Amino acid sequence: MSAAVIDVRNLKTHIVTRWGTIKAVDDVSFTVAPGETLGLVGESGSGKSMTCLSILRLVPRPAARIVGGAVILDGEDLLEKSEREMQRIRGRRVAMILQDPMSSLNPVFSVGMQVREPLAGYHGLSGRALRSRAVDLLASVGISSPASRLAAFPHQLSGGMRQRVVGAMAIAAPPRLLIADEPTTSLDLTIQAQYLRLLEELQERYRLAMIFVTHNLGIVAKMCDRVAVMYAGRIVEAGPVEEIFRAPLHPYTRALLESVPRLGESAEWLTAIEGQPPDLAALPRGCAFAPRCPRVMDRCRAEEPPELAIAPGHSTRCWLHAPA
Amino acid sequence: MSPAPLLEATRLTKHFALRRGLLGRRTDIVRAVDSISFTIEAGQTLGLVGESGCGKTTTSRMILRVEPPTSGDIRFEGAPLAALDREGLRHYRRSVQAVFQDPYASLDPRMRVAAIVGEPLVIGQRPTGTELRRRVRELLDLVGLPERAGRLFPHEFSGGQRQRIAIARALALSPKLVVLDEPVSALDVSIRAQILNLLHDLQRRLGISYLFIAHDLAAVAHMSHTIAVMYLGRIVEMGAAAEVALRPKHPYTQALFSAALPLDPGGRSEEIILSGEIPSPLTPPPGCRFHTRCSHVMDRCRRDEPPLHTESGRLVACHLYPQGEGMRTTASR
């Protein structure tokens, strides 16, 4: 495999609240190679979106601060860049697609203006060349009659079309890394299927490294090569998708996979995960999942498990897998 | 002959008039729900699936009597709602309750949980203080919350616990039918199974019926006895849940369930990706409403709207399955 596009090392992002300091991202490390998709899975508050915002250095300041680690994009540490340098990196080298296209598009500007803006900025285009490039770009994300859509405003498009426009803007450079944060959550199922297919095509065409944030394990199974499961700010298990779905190591990963109803299985009861999501301001000592873990041991409540490499590229933070 | 179903909807229709143009002189009609028929049996769950604009929420709002139907008829325990008097309607409203998607929006942040759960009781029967407290305790226990939960405010609970509170409130008047409109989609993944199990357990213990609306098809298939698939205001397929989910007949159902991604990194092959978008319910396509996106489209589909008819043990509205003689029915009974 070629060198990683993005290499996140021991990233730590803290949020200061009046209830204390929350470790929203706690010692997170991963890499993504060109053409590879990493799924970032976890429930709300697990730190997956905060990890992505930390890569772009867009964490909500002053409450949130990146307090440690490195974010290495093609050999350069983004955490050492000036804000001005970051502005040339965002969008151009690292692009992001968010859940709600309406919050990514400006309602008072036409689609054409919004698509032309990054093209002009990144490629120095203007006039007719710029317009024709914008038309090509819209066509490449599967928007029919793109020339006439340039004059449309976001509210005149359907949700699926809006998200395609956002996709067009994201690949305008094209970037090296594409971060997709729940890009299909607001879309209908059949439109989601179309959009996932589009992302696959774009990734292949530009050999994008992709980070796909989702809580939908079906999307992970379909889209991702590797997956990192987050819980309370930490990656509790990471590895190849096939391996993790076939033989999950961490009890949380296992429970997540078992708790989801599956088509064609007529089990009367679902295997529920007991308890409530963790309160990040009051995490227990030791492993954060221990209060809900069906296989909890004394050690879990006392000591935090380290990252244990189980197989090549497959690691977990769980005492069950510690060498005796 | 079996006893009357708990709820029976016949040719239920809801049209919304949209005023458009200068001074609102032109009116367009949105056919949100167009002549659908279904039944909900006592103690059973009807799952309603379909994408935005298909009419599933409008259907539930007609059942909850938030929207009056434009035409068609709902019968509850055999009696048509249109003919009910005030007392009859009061009884109906007590018998049909709802749990909505967002437990952050559906609970009053300034009321204590005991007051939220007890409110329907106070309005309904004016019980004494002791009686009320006993019933609230019972309801909280039913949904797995401790008694002290009653003294707290909604913000002191997580999403899953809040949904339990909403469920307790819905159960306060011992309803016979509960409309569940996306009851788990706002919850964390790790909590959804808890709530689905709770709903399943309550149905077994109390014998209530559910109208279950969700876009998570696997969850609908898991919870439902019968599934009805809607597209642009019409039911296109309806039948036993496992049959519809695993052996869908209508091309739309097939595409929909194929888009419900399996949890299997190997099973990516037989995916059907529909082209095009969902047409506006303002101007549904002529003939079969799905023909603009269907890969099996025939000339006939553009012209004639296929009726819902029996096909291998379920109802399908599609010209791919020609109607057998004498089997033509539009309602299941």
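Residues numbered from 1 in each chain as written. Chains lettered and ligands numbered in written order. Predicted model: local features only at pLDDT ≥ 70, side-chain atom pairs only at ≥ 80, totals over all residues. Heavy atoms only, no water.

Enquirer: Describe the interface of chain A and chain B, listing the residues and the values that go with them.
Expert: In this assembly, 44 residues from chain A lie in contact with 43 residues from chain B. Around 3,800 Å² of area is buried between chain A and chain B when both sides are counted, 60% of it from carbon and sulfur atoms. Of all residues in chain A, A:Leu189, A:Leu263 and A:Trp269 bury the most surface against chain B, accounting for 18% of the area lost on that side. B:Arg204 is the partner of A:Glu268 in a salt bridge, and the nearest nitrogen-oxygen pair spans 3.2 Å. Viewed at the interface, chain B and chain A are joined by 16 residue pairs in polar contact (both at pLDDT 80 or more). Among the elements of the structure, helix 8 (189-206), helix 9 (217-223), helix 10 (241-246) and helix 11 (251-259) of chain A are those that each provide at least two residues to the side of chain A that touches chain B. With eight residues, helix 8 of chain A is the largest single contributor of residues to the side of chain A that touches chain B. Looking at the side of chain A that touches chain B, its residues break down into 23 nonpolar, twelve polar and nine charged. (Contact = heavy atoms within 4.5 Å. Buried area = accessible area lost by both parts, 1.4 Å probe. Salt bridge = Lys/Arg side-chain N within 4 Å of Asp/Glu carboxyl O. Polar contact = N/O pair within 3.5 Å; in protein donor to acceptor, adjacent residues only side chain to side chain. Helix = DSSP H or I, 4+ residues; strand = E, 2+ residues; numbered from the N terminus. Nonpolar A, V, L, I, M, F, W, Y, C, P; charged D, E, K, R; others polar.)

Enquirer: Before we move on, can you summarise the packing of aromatic side chains with the specific residues and values?
Expert: Under the counting rule described, the total for this entry stands at seven aromatic pairs over all chains. Between the aromatic rings of B:Tyr252 and B:Phe290, the centroid separation amounts to 5.2 Å while the plane-to-plane angle is 65 degrees, which identifies the pairing as edge-to-face. With B:Tyr252 in helix 9 (residues 251-259) and B:Phe290 in the loop between helix 9 and helix 10 (299-303), the pair connects residues that are 38 residues apart, well separated along the chain. Residue class for B:Tyr252 comes out buried when judged on its relative accessible area of 0%. Judged by relative accessible area, B:Phe290 falls into the buried class, the value being 1%. One Lys or Arg, A:Arg299, reaches over the ring of A:Trp319 and ends 3.6 Å from the middle of that ring. (Phe/Tyr/Trp six-rings, centres within 6.5 Å; stacked < 30°, edge-to-face > 60°. Buried < 20%, exposed > 50% of the residue type's maximum accessible area, 1.4 Å probe, protein only. Lys NZ or Arg CZ within 6 Å of the ring centre and 35° of its normal.)

Enquirer: Would you mind going over helix 4 (residues 111-123) of chain A in detail, with residue names and values included?
Expert: With 13 residues, helix 4 of chain A extends 18 Å between its outermost C-alpha atoms, agreeing within 8% with the 18 Å of an ideal straight helix rising 1.5 Å per residue. When we look at burial in helix 4 of chain A, the residues that qualify are A:Val111, A:Gly112, A:Gln114, A:Val115, A:Pro118 and A:Leu119. (Expected span 1.5 Å × (residues − 1).)

Enquirer: Lay out the sheet that holds strand 5 (residues 79-80) of chain B with the relevant residues and their values.
Expert: Residue and element names in this part refer to chain B. Taking strand neighbours across the sheet as the criterion, the four strands line up as 2-1-4-5 in an open arrangement whose pairing is antiparallel. Every other strand in the sheet has two partners, leaving strand 2 (26-40) and strand 5 as the edge strands with one partner each. For strand 4 (residues 71-76) and strand 5, the ladder comprises two bridges, and the chain directions are antiparallel. Within strand 5, the position partnered with Arg75 by the bridge is Pro80. In this fold helix 1 (residues 56-63) packs onto strand 1 (7-20), strand 2 and strand 4, with an angle of close to 70 degrees to the strand it touches most, strand 2. (Pairing = 2+ DSSP bridges. Axes fitted to C-alpha atoms, helices over the stretch in contact; angles between N-to-C directions.)

Enquirer: Residue-level account of the sheet that holds strand 11 (residues 308-311) of chain A, with values.
Expert: Residue and element names in this part refer to chain A. Pairing within the open sheet is mixed, and its eight strands lie in the order 6-7-8-3-9-10-12-11. A strand with exactly one partner marks an edge of an open sheet, and here the two such strands are strand 6 (94-97) and strand 11. Recorded for the sheet is a direction-independent mean angle of 20 degrees between the axes of neighbouring strands. Inspection of the sheet shows strand 3 (residues 37-41) paired to strand 8 (residues 209-214) by five bridges, in the parallel sense. Bridge pairing in strand 8 places Leu38 opposite Ile211.

Enquirer: Kindly report on the confidence of the model for chain B, identifying the contributing residues and their values.
Expert: Overall, the predicted model of chain B reaches an average pLDDT of 90, with 94% of residues at or above 70. Across residues 325-333 of chain B, confidence stays below pLDDT 50; counting only partners more than four residues off in sequence or on other chains, it has 17 contacts. (pLDDT = per-residue confidence, 0-100.)

Enquirer: An account of the pattern of salt bridges is requested, with residue identities and associated values reported.
Expert: Residues and elements named next belong to chain B. By the definition in use, this model includes 32 salt bridges over all chains. Here Arg300 and Asp304 are joined by a salt bridge, their closest N and O atoms 3.9 Å apart. Overall, the relative accessible area of 31% leaves Asp304 in the partly exposed class. When salt bridges that share partners are traced, they join Asp34, Arg234, Arg289 and Glu305 into one network.

Enquirer: Run through helix 9 of chain B, naming residues and quoting values.
Expert: Buried residues dominate helix 9 of chain B, accounting for eight of its nine residues. Where helix 9 of chain B is concerned, the buried positions are B:Pro251, B:Tyr252, B:Thr253, B:Ala255, B:Leu256, B:Phe257, B:Ser258 and B:Ala259. Of the surrounding secondary structure, the elements contacted by the buried residues of helix 9 of chain B are helix 8 of chain A together with strand 3 (45-49), helix 7 (217-223), strand 9 (226-231), strand 10 (234-240) and helix 8 (241-246) of chain B.

Enquirer: I'd like a description of the side chain of B:Thr13, backed by residues and values.
Expert: Here B:Thr13 is to be found in strand 1. Setting aside its immediate chain neighbours within four residues, B:Thr13 contacts B:Val33, B:Asp34, B:Ser35, B:Met62, B:Pro69, B:Thr70 and B:Ser71.

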